[in-house]
Amino acid sequence: MEDAKDLIVRTGILLCVSGPSGVGKGSLISKVLAVRPDMCHSVSVTTRAPRPGEKEGLSYYFRTREEFLEMLGQKEILEHDEYLGNYYGTLRRPIEERMEKGLDTILDITVDGTLNTMKLIPDAVSIFLLPPSIQELRRRLNTRGTESDEVIQERLAKALEEIRMAKSFDYLVVNDDLDRSCQTILGILEAEQHRWKRMQGIEIAILKR
Ligand code: 5GP
């Protein structure tokens, strides 16, 4: 007999992970993907210059402002935001295709980007990652060594604004330990998969067996 979970035809979960620059979104997302290889990180489009080591099509699709605006005009971008002078946007097609196929996708996205995505896709799940303290956030940004002092100051000022928006999210996770935060996110995903709206029809199918 088939497994009961095979009776569910569920749409994929779109998991939006936001939080201030330096909070550890990238490392945490990589860790979650290592445990859940069926999940995929959506590669965004940006007008920001590549950092050392970043690769086209893996880290981002790096585009000029003109190219980005052209893609926006063609409705290729689901949501976008301007963050410290650069555009960032989520590609529409890969997200829609994955959701239809029941595959879960994780977005590394600005706070406003998540709030806009929640309006467009109300079933999306939002997580706000908090640093254990502002002092620790400053330390992490400094040790990353990829940004100038001026950019770090800008990112810290932006962080204070962003943290005030945390209450608009579904879940808050304080990222003081990467392994623990990863377990928390996996737990959230597991719980979200079991929401009634994502399991619709399973009880009817079971009654017919
Ligand atoms: P970074 O320059 O550090 O790679 O990213 C800056 C900010 O842009 C981060 O908060 C990151 O989460 C966000 N970001 C990356 N891709 C997207 C996207 O497609 N849409 C939005 N709204 N934000 C994004």
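The structure under discussion appears in the preceding block.
Okay, so let's go over this structure. (Residues numbered from 1 in each chain as written. Predicted model: local features only at pLDDT ≥ 70, side-chain atom pairs only at ≥ 80, totals over all residues. Heavy atoms only, no water.)

A tally of helices and strands in the protein yields nine helices and nine strands. Here the C-alpha coordinates of the protein stretch approximately 65 × 40 × 30 Å along the principal axes. The buried share of the protein, taken over its 209 residues, is 43%. For the protein, long-range pairs separated by at least 24 residues make up 69% of all intrachain contacts whose partners lie at least 6 apart in sequence. On the protein, roughly 11,500 Å² of surface is accessible, and the fraction owed to carbon and sulfur atoms is 53%. (Helix = DSSP H or I, 4+ residues; strand = E, 2+ residues; numbered from the N terminus. Buried < 20%, exposed > 50% of the residue type's maximum accessible area, 1.4 Å probe, protein only. Contact = heavy atoms within 4.5 Å. Areas by Shrake-Rupley, 256 points an atom, 1.4 Å probe, with all protein chains shown as cover.)

A full pass over the atoms with the stated rule returns 17 salt bridges. A salt bridge links R180 to D176; its shortest N-O distance comes to 3.2 Å. Since its relative accessible area comes to 45%, D176 is described here as partly exposed. A salt bridge links E192 to R195, with the nearest nitrogen and oxygen atoms 2.9 Å apart. Judged by relative accessible area, which is 39%, R195 ranks as partly exposed. (Salt bridge = Lys/Arg side-chain N within 4 Å of Asp/Glu carboxyl O.)

A word on the side chain of E192. Position of E192 among the secondary structure elements: in helix α7 (residues 178–193). Residue classification places E192 among the buried positions, given a relative accessible area of 4%. Once residues lying within four places of it in the same chain are set aside, the contact partners of E192 are I13, V125, Y171 and R198.

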